[in-house]
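Listed here are the chains, written in short residue letters.
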Amino acid sequence: MGRRAKAKVSLDTALTDLPTALRWREWMGRVEAVIFASREPVTRAMLAKVVGPDCNLDPLIDDIQAELRGRPYELVAVAGGWQHRTRKKFADAIRTATGAGEPGSMLSPSEMQVLLCVGYFQSITRGELGKFFGKEISRDVIGHLRRLDLIGSGPRAPQPGAPYTYVTTKAFLAQFGFDTLRDLPDMDALEDAGLLSKDRLFAGDISLTAEAIDGNGYEED
């Protein structure tokens, strides 16, 4: 017997039969439900499928975020979409209960250094990374970052042999809570905060932790 075709779901997105206030509340509920049910950041295009064509998603998201104030989790823009995230001030409680590490804890110091360098100077070749650190960057380091989907292949460099360059991925943005690469902390600000020394970083003798990338080292209000 062949598989029975799935019935197509017909969703009333316009909700024209509802008063304006109730329509807005229903759209809010749908959007938050979709985001809550997804393991990955949910894009604007996906959310647009469950609301009416006249719905402005930006103020809708703002209203959801306002309702979550005071809760231990929030709705954040990350990796080109939205995702529920626990608030940073509860990180110690979560780690104590679950044993989960902080973002980047699966990386060695040298891997974190390379990842940081790719993040700030992409697209960049393995040879150029070696020049930054004054030593050859192991293929194992690159391979581990690729297996974790934190970096991927970029365009070939206009150099002899046309080597591949490396760039960060959407998984990198999601892992460290960034919406776009523009959200990366300013390197000078990290130096001023005592979280990073560019000279020591490029000399390869700094033990860099995720604190320098995630949260900029400042406490949440």
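Along each chain, residues carry numbers from 1 onward, in the same order as the chain's sequence is written. Two thresholds apply to this predicted model, a pLDDT of at least 70 for residue-level local features and 80 or more for giving and counting side-chain atom pairs, whereas whole-chain, interface and lining totals are computed over all residues. Note that the side-chain values use all heavy atoms of the structure and ignore hydrogens as well as water.

1. Details of the overall build of the protein chain
For clarity, the cut-off: Counting from the N terminus, the helices are DSSP H or I runs at least four residues long and the strands are E runs at least two residues long. The buried label goes to any residue with under 20% of its type's maximum accessible area, the exposed label to any with over 50%, and the partly exposed label to all in between, with areas taken from a 1.4 Å probe on protein chains only. Every residue pair with non-hydrogen atoms within 4.5 Å of one another is taken to be in contact. All accessible areas in this document rest on Shrake-Rupley with a 1.4 Å probe, and a residue is counted as covered only by the protein chains that are shown.
For the protein chain, the helix and strand inventory stands at ten helices and five strands. Considering the protein chain as a whole, with its 221 residues, one finds that 35% of them fall into the buried category. Contacts in the protein chain between residues at least 24 apart in sequence constitute 53% of all its contacts with a sequence separation of at least 6. Here the protein chain displays about 13600 Å² of accessible surface, and carbon together with sulfur accounts for 51% of that area.

2. Some details on the pattern of salt bridges
What counts, and what does not: Salt bridges are identified by distance alone: a Lys or Arg side-chain nitrogen within 4 Å of an Asp or Glu carboxyl oxygen.
Evaluated as defined, the whole model comprises six salt bridges. As a salt-bridge pair, Glu 67 and Arg 25 come within 2.5 Å of each other at their nearest N and O atoms. One end of the pair, Glu 67, is in helix α3 (residues 57-67); the other, Arg 25, is in helix α1 (residues 20-37), and 42 residues separate them in sequence. According to the relative accessible area criterion, Glu 67 is partly exposed, its value standing at 45%. What makes Arg 25 partly exposed here is its relative accessible area of 45%. A salt bridge links Glu 136 to Arg 126; its shortest N-O distance comes to 3.3 Å. Linking Glu 136 in the loop between α6 (126-133) and α7 (139-147) with Arg 126 in helix α6, this pair joins segments that are ten residues apart in sequence.

3. Examining the packing of α1 against α3
Which entries qualify depends on this criterion: The axes are straight lines fitted to the C-alpha atoms, using for helices just the contacting stretch, and the angles between their N-to-C directions are given from 0 to 180°. Comment on the angle field: the value is read as roughly parallel under 35 degrees, roughly antiparallel over 145, roughly perpendicular from 65 to 115, and oblique elsewhere. Classification convention: Asp, Glu, Lys, Arg as charged; Ala, Val, Leu, Ile, Met, Phe, Trp, Tyr, Cys, Pro as nonpolar; all other residues, Gly among them, as polar.
It is at 10 Å that the axes of α1 and α3 come closest, and there the two elements cross at 75 degrees. Overall, the two elements α1 and α3 adopt an arrangement that is roughly perpendicular. Touching Trp 24, Arg 25, Trp 27, Met 28, Val 31, Glu 32 and Ile 35 of α1 are Leu 57, Pro 59, Leu 60, Ile 61, Asp 63, Ile 64 and Glu 67, all from α3. The class makeup of the residues in the contact of α1 with α3 is ten nonpolar, no polar and four charged.

4. Observations concerning the packing of aromatic side chains
Quick note on the threshold: Ring pairs are drawn from Phe, Tyr and Trp, using the six-membered ring of Trp, whenever the two centres fall within 6.5 Å, and their geometry is named by plane angle: stacked under 30 degrees, edge-to-face over 60, tilted for the rest. Only when the NZ of Lys or the CZ of Arg is both within 6 Å of the ring centre and within 35 degrees of the ring normal is a charge said to sit over the ring.
The final tally for this structure, using the stated rule, is four aromatic pairs. Seen in terms of ring centroids, Trp 24 and Trp 27 are 6.4 Å apart; in terms of plane orientation they differ by 65 degrees. Their pairing is edge-to-face. One end of the pair, Trp 24, and the other, Trp 27, are both in helix α1, three residues apart, so they sit about a helical turn from each other. Centroid distance Phe 172 to Phe 176: 5.3 Å. Interplanar angle 55 degrees. Geometry classified as tilted. With Phe 172 and Phe 176 both in helix α8 (residues 170-176) and four residues apart, the pair spans about one turn of that helix. Its relative accessible area of 1% is what places Phe 172 among the buried residues. Given the relative accessible area of 2%, Phe 176 is considered buried. One aromatic cluster is present, formed by Phe 172, Phe 176 and Phe 178 through successive ring pairs. When the ring centre of Tyr 164 is taken as reference, the NZ or CZ atom of Arg 156 above it lies at 3.9 Å.

5. So, the side chain of Gln 83
To be explicit about the condition: Pairs of N or O atoms are called polar contacts if they sit within 3.5 Å, as long as, within protein, a hydrogen donor faces a hydrogen acceptor (for residues adjacent in sequence, only side-chain-to-side-chain pairs).
Structurally, Gln 83 is set in strand β2 (residues 81-86). Its relative accessible area of 11% is what places Gln 83 among the buried residues. Looking at Gln 83, its side chain comes within polar contact range of the side chain of Arg 85, at 2.9 Å. Beyond its immediate sequence surroundings of up to four residues, Gln 83 is in contact with Ile 35, Arg 39, Glu 40, Pro 41, Glu 74, Leu 75, Val 76 and Val 78.

6. Quick word on the sheet that holds strand β3 (residues 124-125)
Convention followed: Here, strands pair whenever DSSP counts at least two bridges between them.
Read across the sheet, three strands follow the order β3-β5-β4 without closing on themselves; strand pairing throughout is antiparallel. Where the open sheet ends on each side, the last strands, each with one partner, are β3 and β4 (151-156). Lying on the sheet, helix α5 (residues 109-121) is in contact with β3, β4 and β5 (164-168); it crosses β5 at an angle near 95 degrees.

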